[in-house]
Amino acid sequence: MTLTRGYILVLDPERRHRDDAHPLEADLQYPVFVASSTEQAVSRVNQEVPCLVILVGNNFQTWSQPLVNQLRQHDQAPDMTIVALTDSASPQWDYREDTPGLDGLLVKPLSMDILRSLVESAFARRIDH
């Protein structure tokens with residue numbers, strides 16, 4: 001399956017000083033934009049709305065409620081699937097209840113089958129709206 005419109009936005013602040021390809025970018029057969037800051041992610045969403053946003057990190061501030069709210073305020077927010085990806089050892093992996101607006105919480109390691117299924121679901125959701 002190829003995306004005819006849209007892309008995947010990955011917000012991963014820990015990638016700030018790395019030049020190599022992001023693992024999600026390398027493994028997926030879809031257009032991926034990796035942002036290393038919330039400002040960069042929001043700027044990119046304002047240019048073009050992604051079908052899927054993956055907020056990577058073990059630090060709750062990485063995918064905090066204000067960021068999710070800001071992403072959800074976009075005109076095409078219903079088309080966007082927003083999920084958080086964290087380590088299973090993170091003490092904050094159960095914060096989903098405290099972060100309305102997230103469509104899901106994923107725990108590393110993430111299999112490619114699950115990731116592909118998530119991408120296809122996000123794409124189908126975008127087409128339906």
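In this report, we go over the structure that sits alongside the text.

Cut-offs used in this document
Residues numbered from 1 in each chain as written. Predicted model: local features only at pLDDT ≥ 70, side-chain atom pairs only at ≥ 80, totals over all residues. Heavy atoms only, no water. Core = buried A, V, L, I, M, F, W, Y, C linked by side-chain atoms within 4.5 Å. Buried < 20%, exposed > 50% of the residue type's maximum accessible area, 1.4 Å probe, protein only. Helix = DSSP H or I, 4+ residues; strand = E, 2+ residues; numbered from the N terminus. Contact = heavy atoms within 4.5 Å. Pairing = 2+ DSSP bridges. Axes fitted to C-alpha atoms, helices over the stretch in contact; angles between N-to-C directions.

**Regarding the nonpolar core**
If you look at the biggest cluster of nonpolar residues, it comprises 18 residues, and the most contacted ones within it are Leu9, Val53, Leu55, Leu71, Met80 and Ile82. At the level of secondary structure, the elements contributing two or more residues to this core comprise strand S1 (8–11), helix H2 (38–47), strand S3 (52–56), helix H3 (65–72) and strand S4 (81–87). Contact partners of Leu71, with chain neighbours within four places excluded, come to Val42, Val45, Val53, Ala77, Met80 and Ile82. Formed by 15 residues, the second largest nonpolar core is a distinct cluster that contains Cys51, Ile54, Leu118 and Ala122.

**Regarding the environment of Val119**
Examined against the element boundaries, Val119 turns out to sit in helix H4 (residues 112–128). Take Val119: its relative accessible area is 1%, and that puts it in the buried class. Taking C-alpha positions, Val119 is 8.0 Å from Cys51, a pair spaced 68 residues apart along the chain.

**Here's the deal with the sheet that holds S1**
One open sheet accounts for five strands, arranged S2-S1-S3-S4-S5; its pairing is parallel. Edge positions in the sheet fall to strand S2 (32–35) and strand S5 (104–108), since each has one partner strand and no second. Each strand axis lies, on average, 20° off the axis of its neighbour in the sheet, ignoring direction. Alignment of S4 against S5, held across five bridges, turns out to be parallel. Looking at S5, one finds that Ala84 is bridged to Leu105. Packing against the sheet, H3 makes contact with S1, S3 and S4, and its axis sits at approximately 170° to S3.

Any functional reading would require information beyond the geometric quantities listed.
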